[in-house]
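A structural walkthrough
Spelled out from the first residue to the last, the chains are:
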Amino acid sequence: MVAETIIVLGIAAAVQILFSVIGGLIKLWGSQEMPETIQAEMSDTDQAKIRDTQRLMADCFGDNVTERIRNASNKERIALMADFAERLAREYDLDIEVDVTVSNLQNCGAYNWKEKKAVFNIALLMVDGDHEQFAYCVRETLDTIIHELRHAVQHKSIEQPGFWNVEDEVRNAWANNMASGNYIRPEVDMRAYAMQPIERDAVTFAALVMKGVDEQ
């Protein structure tokens, strides 16, 4: 009962700010495809994992992800996303903690390199299914889960050479990007942030997964 009360209170607080935040996110990130200049090259292993991710999404949500979530209650949406995130972490062979929350929307998710923990804030999914931007909210939430777990893949590949067959040149670029003082945060310089090796790679990987889902 206490846990359910906390969830309800979290949802209520999140919904109060969502309508203004959604517009801001769309303006910040947009919905257009990435320019070729910031796309990262995907290996054969990456391409296979992209297809595996799409199959897992279909297994979790059915043929139409947006409609499956639109027709679910808020509590069911939380459960659906938690199940997807946890199953995707297992699919990627990641030894990390995965946590799905609903709270005031600062960002949609993050991967903590030191703690090996991925946290996803799915407050965007607490809007009414009839909201004009509901499909965007679904896409942004799923994209974030895939993006952040790709960061966990990068991390593990650096620690364990050979993981996902990542080439040494790529691993070294990621490791250098992750070194103390080298990572550029988006609030400092958005374009420089997007051009970083680990961000270009994560953005590309997630975008290709979602592109395939959109075309189904």
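Residues numbered from 1 in each chain as written. Predicted model: local features only at pLDDT ≥ 70, side-chain atom pairs only at ≥ 80, totals over all residues. Heavy atoms only, no water.

With that settled, the discussion passes to the environment of lysine 75. Looking at the secondary structure, you find lysine 75 in helix 4 (residues 74–91). Using a relative accessible area of 54% as the deciding quantity, one classes lysine 75 as exposed. Expressed as a C-alpha distance, the spacing of lysine 75 and methionine 126, which sit 51 residues apart in the sequence, is 9.3 Å. (Helix = DSSP H or I, 4+ residues; strand = E, 2+ residues; numbered from the N terminus. Buried < 20%, exposed > 50% of the residue type's maximum accessible area, 1.4 Å probe, protein only.)

For helix 6 (residues 168–178), the set of buried residues is Arg171, Trp174 and Asn177. Here the buried residues of helix 6 occupy an arc of 125° about the axis, which is enough to place them on one side. Relative to its buried face, helix 6 has exposed residues pointing more than 90 degrees away, namely Asp168 and Glu169. (Arc of directions from axis to C-beta.)

Turning our attention to the sheet that holds strand 2 (residues 109–112). Judged by pairing direction, the sheet is mixed, and its 3 strands sit side by side in the order 1-3-2 without closing on themselves. Looking along the sheet, the strands with just one partner apiece sit at the ends: strand 1 (97–101) and strand 2. Within this sheet the neighbouring strands show an average axis-to-axis angle of 10°, counted without direction. When strand 2 meets strand 3 (residues 117–121), the two strands line up antiparallel, connected through 4 bridges. Bridge pairing in strand 3 links tyrosine 111 to alanine 118. Contacts between helix 4 and the sheet are confined to strand 1 and strand 3, with strand 1 contributing the most and set at about 165° to the helix. (Pairing = 2+ DSSP bridges. Axes fitted to C-alpha atoms, helices over the stretch in contact; angles between N-to-C directions. Contact = heavy atoms within 4.5 Å.)

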